[in-house]
Amino acid sequence: MSGMQAVPPILKICRYTIIDHVRQKSFIVMLLIGAAFVFFTRSCYHGNYMVNGQMLGAWTVAESIAKMSFHTIAFTMMFLAALLAVRAFSRDRDYGMQACILSKPITRGQYVTGKVLGLWALAFFCMFILHAMVFLIMALQAKVFMPAFLAASLLCSLNVLVVVMGALVLSLSMSDFVAFMAVMAITVISFVADGIHTLHQSQMLQAIIQPHGTGPQSDVTWRTVIYYLWPKISELEITAASLIDHGWLRGWGALYPLANILAYCLIAAALLLWRFRREEIL
Amino acid sequence: MMIELDHATKYYGALAAVEDVSFSVRPGEYFALLGPNGAGKTTIVRMLLDFTRPTSGTLSIGGLPSTQAEARSGVGYLAENFRIPPFLSGWHYLERSADLLNLGRTDTTDQCRRMVELIGMQGREHSLAGTYSKGMLQRLALGGALLGRPRLLILDEPTSGLDPIGIREVRELLERLKQDGMTILLNSHLLSEVEKLCDTAAIINHGRLIVKDAISAIAGHGDTLEDVFVRLVRG
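As the structure is a computational prediction, the values presented were derived from the model and not from experiment. (Residues numbered from 1 in each chain as written. Chains lettered and ligands numbered in written order. Predicted model: local features only at pLDDT ≥ 70, side-chain atom pairs only at ≥ 80, totals over all residues. Heavy atoms only, no water.)

When you go through chain A residue by residue, the secondary structure sums to 11 helices and two strands. The order of α-helices and β-strands along chain A, N terminus first, is α-α-β-β-α-α-α-α-α-α-α-α-α. Along the first, second and third principal axes, the C-alpha atoms of chain A reach 70 × 50 × 35 Å. In chain A, which comprises 282 residues, the proportion classed as buried is 43%. Of all intrachain contacts in chain A linking residues separated by at least 6 positions in sequence, the fraction that spans at least 24 positions is 81%. Roughly 14500 Å² of accessible area belongs to chain A as shown, and the carbon and sulfur atoms make up 71% of that amount. (Helix = DSSP H or I, 4+ residues; strand = E, 2+ residues; numbered from the N terminus. Buried < 20%, exposed > 50% of the residue type's maximum accessible area, 1.4 Å probe, protein only. Contact = heavy atoms within 4.5 Å. Areas by Shrake-Rupley, 256 points an atom, 1.4 Å probe, with all protein chains shown as cover.)

So this is what it looks like as structure tokens:
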């Protein structure tokens, strides 16, 4: 090894995964579209916004636009991560790279881990770059510094990880398109369910839908159980966005989506390793 | 033993791709695996490389179970339908293969350069693989398999797509490697080449081992290997 410490195979596969995806024109185009979107939002920070006859302060405007951009970028990157991940194994198989890699003294576990890390690192890097652009535009255009914005981006990377692993697991059992649709359905359901849950929690809505004199229903139903066990992708994103408001996570409740997503990451990793070990290499 | 198969069996559903096959290959031996299409030769190779798991029985390389990644250290493999990403050049493919073998930067460059010369791709090594002919791809595959100076070379139809000159070049290259003590497991339909090159052959049909012996013993008594092969396979 000419005196050098050998780079672990996992990192090599991770590096090649990143290089092979960055080579794709479609990937570059999508990233440029994302960057253009962020760039065009810069003029929004200069507008005069009035709510109920009151002029909004620069901080409020910057915060609102930044949060909108934050959510849009985070969701788009999950979409992109799923798109890249569902094709990852089939591309390697079609191009003969799976056979090339696994005919060497590299375990299937190392190959899969390298793939996951590569896809995660790539999608997260793109998300972080776009979030950092928003952060810089805010700082330069509106003179508003929100360091928690970047911390929120880091927290959102867990969503990207769970999407990547979910897409990889599903792509081993179904066609790439169906796997992509399934991952996006899980993500969208998470957002819709959280929206409905938030509405149900609102006192105004409860007053409208509940008969006079009856208190809020507290029974644990199967819908509640499913709601809490469903991947909390949306809630983790909201928790991350709350960092932008407060600079820290508020209360123990904020840790639940984090624990939920971490648990799903572990489950997906275990399933991925187990399923790929049974995979026929062509 | 370099390779050992002990009652290796592989079923795909109810179909027996390989059934109760046992044989061994000594270090330095040139061993041919012969059989008609669908006989189970490629399945044996895939089980050796742990691309698919046997339903029963065991396979080992250099004394290590084929399920262990370490068993594949020092093994070069040329796949039957060799493909590489069209966006990679031949040089990048060789470099990547060498890197995955942990050859180190200096050794990687040296070996890749030597391999480009050996497979006669000078001047085309930096072109994208999408522009290569089938013969060039096959030579590139052989170059990739020879990186890291393997002790065992597993070749699945190495002359597929090559013209007669290319076939002769591959044979001459393999003859040179024989002098270095390399072990070769060769899957091929070109029986005349096998006869010139290999010491031992195993004939497989319908997943079963029909015969395993020295080529001279199989093809003796005025018969060519092809005559014996056709006779045995047709039953």
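Before going further, it helps to examine the packing of aromatic side chains. The description of two aromatic rings rests on the distance between their centres and on the angle between their planes. All names here are of chain A. Summed over the entire model, instances satisfying the criterion amount to 14 aromatic pairs over all chains. Ring plane angle 80° and centroid distance 5.0 Å describe the contact between Y227 and Y228, whose orientation is recorded as edge-to-face. Given the relative accessible area of 11%, Y227 is considered buried. Given the relative accessible area of 36%, Y228 is considered partly exposed. Consider the rings of Y228 and Y256, whose centres lie 6.2 Å apart with planes at 70°: the pair is edge-to-face. Remark: Y256 occurs in helix α11 (residues 255–277) and Y228 occurs in helix α9 (residues 222–229); sequence separation between them is 28 residues. (Phe/Tyr/Trp six-rings, centres within 6.5 Å; stacked < 30°, edge-to-face > 60°.)

Right, let's get into the interface of chain B and chain A. Taken together, the contacts link 27 residues of chain B with 30 residues of chain A. Of the roughly 2700 Å² buried between chain B and chain A on both sides combined, carbon and sulfur atoms contribute 57%. When residues of chain B are sorted by the area they lose upon contact with chain A, F51(B), R96(B) and L100(B) head the list and together hold 27% of the total. Remark: the boundary between chain B and chain A carries five salt bridges. One salt bridge in this structure joins R96(B) and D20(A), with 2.9 Å as the shortest N-O distance. (Buried area = accessible area lost by both parts, 1.4 Å probe. Salt bridge = Lys/Arg side-chain N within 4 Å of Asp/Glu carboxyl O.)

Let us look at unusual backbone geometry. All names here are of chain B. Unlike most non-glycine residues, D50 shows phi in positive territory, near 65°. Although it is not a glycine, H206 sits at a positive phi angle of roughly 50°. Position of H206 among the secondary structure elements: in the loop between β9 (200–205) and β10 (208–214).

Below, the discussion takes up the pattern of salt bridges. In the structure shown here, the tally under the stated rule is 19 salt bridges over all chains. The residue D92(A) makes a salt bridge to K115(A) at a minimum N-O spacing of 3.0 Å. One end of the pair, D92(A), is in helix α3 (residues 58–94); the other, K115(A), is in helix α5 (residues 108–141), and 23 residues separate them in sequence. On the basis of relative accessibility, which here comes to 7%, the residue D92(A) falls in the buried class. Taking the shortest distance from any N to any O, the salt bridge between E280(A) and K10(B) comes out at 3.6 Å. A residue pair is termed interchain when its members come from two chains, as with E280(A) in the segment after α11 and K10(B) in strand β1 (residues 3–12). Several salt bridges share partner residues, and in doing so they unite K12(A), R15(A) and D99(B) into one network.

What follows concerns the sheet that holds β10(B). All names here are of chain B. What the six strands build is an open sheet, ordered β6-β7-β8-β3-β9-β10; its pairing is mixed. In the strand order of this sheet, the two ends are held by β6 (75–78) and β10, each with one partner. Strand-to-strand twist of the sheet, defined as the mean angle between neighbouring strand axes without regard to direction, takes the value 15°. Of the strand pairs in this sheet, strand β3 (residues 30–34) and β9 are connected by four bridges, and their pairing is parallel. When the bridges of β9 are listed, F31 appears paired with T200. Here helix α4 (residues 134–146) sits on the sheet and contacts β6 and β7 (152–156); the angle it forms with β6, its principal contact strand, is near 170°. (Pairing = 2+ DSSP bridges. Axes fitted to C-alpha atoms, helices over the stretch in contact; angles between N-to-C directions.)

Residues and elements named next belong to chain A. For helix α7 (residues 176–201), with 26 residues, the first-to-last C-alpha span of 38 Å sits near the 38 Å given by 1.5 Å per residue. Regarding α7, the residues found buried are D176, A179, F180, V183, M184, T187, S190 and D194. Of the surrounding secondary structure, the elements contacted by the buried residues of α7 are α3, α6 (148–171), α9 and α10 (233–246). (Expected span 1.5 Å × (residues − 1).)

All names here are of chain B. With antiparallel pairing, the four strands of this open sheet are ordered in space as β2-β1-β4-β5. At either margin of the open sheet sits one strand with a lone partner, and together these are β2 (15–25) and β5 (64–65). As paired strands, β1 and strand β4 (residues 56–61) are joined by five bridges and run antiparallel to one another. In the sheet register, E4 faces β4, and the bridge partner there is S60. In this fold helix α1 (residues 41–48) packs onto β1, β2 and β4, with an angle of close to 115° to the strand it touches most, β1.

On to empty space enclosed by the protein. Vacant regions in the atomic arrangement are exposed by a probe of water-molecule size rolled over the atoms. This model, assessed by the stated rule, comprises three cavities of 30 Å³ or more. Considering only enclosed or pocket space, the largest cavity measures out at about 90 Å³ in volume. If you trace the largest cavity, you find it lined by I13(A), Y16(A), T17(A), D20(A), D92(A), M97(A), I101(A), K115(A), R96(B) and L100(B). Those elements that provide at least two residues to the lining of the largest cavity are α1 (9–22) and α4 (97–102) of chain A together with α2 (90–100) of chain B. The biggest single contributor to the lining of the largest cavity is α1(A), with four residues. Among the residues making up the lining of the largest cavity, the classes are represented as five nonpolar, one polar and four charged. Its boundaries defined by the atoms lining it, the second largest cavity holds a volume of some 80 Å³. (1 Å grid on protein atoms, 1.4 Å probe; cavity = no way out; pocket = protein on both sides within 12 Å on 5 of 7 lines; lining within 4 Å. Points joined across faces, edges and corners; volume = space filled by probe spheres on them. Nonpolar A, V, L, I, M, F, W, Y, C, P; charged D, E, K, R; others polar.)

Enumeration according to the criterion identifies zero disulfides over all chains in this entry. Of the cysteine sulfurs around C156(A), a residue in no disulfide, the closest is that of C265(A), at 13 Å. Of the cysteine sulfurs around C112(B), a residue in no disulfide, the closest is that of C100(A), at 12 Å. (Disulfide = S-S within 2.5 Å.)

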